[in-house]
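Chain residues, written in single-letter form:
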Amino acid sequence: MILGIETSCDETAAALVTADGRVLSSIVASQAELHASYGGVVPEIASRRHLELIGPVIREALGEADVGLGEIMRVGVTRGPGLIGALLVGISTAKAIAWARSIPLVAVDHLQGHVASLYLGPAPVEPPFVCLLASGGHTLLLAVRRHGSFERIGTTLDDAAGEAFDKGARLLGLPYPGGAAIDELAREGDPAAFRFPIARVPGLDFSFSGVKTSLLYAVRDLGETGLAERRADLAASYQRAIVLALTRRLRQAAELAGIDRIAVVGGVAANSELRAALPEAALAPLWLCTDNAAMIASAARFGDPLPVPEVLALDAYASAA
Ligand code: KG4
Ligand code: ZN
């Protein structure tokens, strides 16, 4: 029995997962509303909220799985990348539980966690596959040849795909976080109404600053009344440009890496147009796409367990190495 803990950004999450990858419970307390009025996550507010929520969230995860603390044999916790203050809340909690119970702790890389969302039951995906990891902070193409590791073969040169959705939503006057809002509004719009550019970057990298700037100009040209009339068309066209950029690169990456299977993970994998555009891809179920602790517990199955007391020296890291 593995307890997963995730506090890297604005979701306080705990989950119980078995060694063979069955999710017994997964509790996610989102702070999105708390940060919405600021248009983004405020790190210090996030840390304080994690501190209030982490105890109740773990208790709820245990309760829903009907598991006692005494049955947990391993703790997995996100070590980074993320907001340092937020990460430390999860890490300190995980250390306390590992120490109190004398059980090992696995420090999980958040990105490995997203990939490991694919390894959970009832239909786990087996490596090798090429994985697009698209979230609020990252847009990566990964060659995954075995559990617990990956090779980066592409990344974004500027904004992450989720960030492009969030910033685009802001330009359109939609609430934060914007990905889901654009996704919904785009269903009522015409994706061919506006022509937004798809960056031509060498290799397998991405760039989303151009499409964002184009949206800014389009919004400015339309003015307030024009924007109100064309908002859905703008959302649909903007989403189409981002989805095309992601799907083209992903298929290209698979071809170059000589790996047949493709997969998508991370918050942007929840996007309905992206999912529809990749019928051949392995996609995590929606509730495992955005940040959660089940994926962290899943990754902890393949990581190195740190014993007590060495585990007490564990520290957080802010950005990917
Ligand atoms: O993986 P995640 O929950 O957190 C990070 O690790 O960043 O990803 C959050 C990102 C946000 O940028 C959000 O706007 C985006 O995922 N997102 C979506 C959708 N749902 C969430 N983007 C596009 N379409 C969606 N349906
Ligand atoms: Zn994430």
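Everything numeric here is computed off the predicted structure, so don't read it as measured data. (Residues numbered from 1 in each chain as written. Chains lettered and ligands numbered in written order. Predicted model: local features only at pLDDT ≥ 70, side-chain atom pairs only at ≥ 80, totals over all residues. Heavy atoms only, no water.)

**Brief notes about the sheet that holds strand 3 (residues 23-30)**
The sheet built from five strands is open, its strands ordered 3-2-1-4-5 with mixed pairing. Edge positions in the open sheet fall to strand 3 and strand 5 (105-109), since each of these has one partner strand only. Between one strand axis and the next, the sheet turns through 20° on average, direction left out of account. Here four bridges tie strand 1 (residues 2-6) to strand 4 (residues 74-80), and the two strands are oriented parallel to one another. What sits directly across from Leu 3, in strand 4, is Val 75. In this fold helix 2 (residues 43-65) packs onto strand 1, strand 2 (11-17) and strand 3, with an angle of close to 25° to the strand it touches most, strand 2. The sheet strands contacting helix 3 (residues 84-101) are strand 1, strand 4 and strand 5, and the helix crosses strand 4 at an angle near 155°. (Pairing = 2+ DSSP bridges. Helix = DSSP H or I, 4+ residues; strand = E, 2+ residues; numbered from the N terminus. Axes fitted to C-alpha atoms, helices over the stretch in contact; angles between N-to-C directions. Contact = heavy atoms within 4.5 Å.)

**Some thoughts on the pattern of salt bridges**
Following the criterion strictly, the structure yields eleven salt bridges and no others. Residue Glu 52 is joined to Arg 49 by a salt bridge in which the shortest nitrogen-to-oxygen separation is 2.6 Å. Of the two residues, Glu 52 and Arg 49 both sit in helix 2, three residues apart, roughly one turn of that helix. Classification of Arg 49 by relative accessible area gives partly exposed; the value is 32%. In this structure, the salt-bridge partner of Arg 230 is Asp 233, at a minimum N-O distance of 3.2 Å. With a gap of three residues between them, Arg 230 and Asp 233 both fall in helix 7 (residues 209-257), about one helical turn apart. On the basis of relative accessibility, which here comes to 27%, the residue Arg 230 falls in the partly exposed class. (Salt bridge = Lys/Arg side-chain N within 4 Å of Asp/Glu carboxyl O. Buried < 20%, exposed > 50% of the residue type's maximum accessible area, 1.4 Å probe, protein only.)

**Considerations on the site of ligand 1**
Gly 136, Asp 166, Asp 183, Asn 271 and Asp 291 are the nearest of the 19 residues found near ligand 1. At 3.1 Å from an oxygen atom of ligand 1 is found a main-chain nitrogen or oxygen belonging to Gly 267. One nitrogen or oxygen atom from the side chain of Asn 271 is found 3.0 Å from a nitrogen atom belonging to ligand 1. Coverage of ligand 1 by the protein chains reaches 87% of its 550 Å² of free accessible surface. Looking at the shell around ligand 1, the elements with two or more residues in it are helix 4 (110-116), helix 5 (161-171) and helix 6 (178-186). If you tally residues by element for the shell around ligand 1, the top one is helix 6, at four residues. (Near = heavy atom within 4 Å. Polar contact = N/O pair within 3.5 Å; in protein donor to acceptor, adjacent residues only side chain to side chain. Areas by Shrake-Rupley, 256 points an atom, 1.4 Å probe, with all protein chains shown as cover.)

**Topic: the packing of helix 2 against helix 3**
For any two helices packed against each other, the geometry is given by the interaxial angle and the distance between the axes. Orientation of helix 2 relative to helix 3, taken along the N-to-C sense of each, is 35°, at an axis distance of 8 Å. Like other packed secondary-structure pairs, helix 2 and helix 3 cross with a definite hand, here right-handed. Judged by residue contacts, Ser 47, His 50, Leu 51, Ile 54 and Ile 58 of helix 2 engage Gly 85, Ala 86, Val 89, Thr 93 and Ile 97 from helix 3. (Left-handed = near helix turned anticlockwise from the far one by under 90°.)

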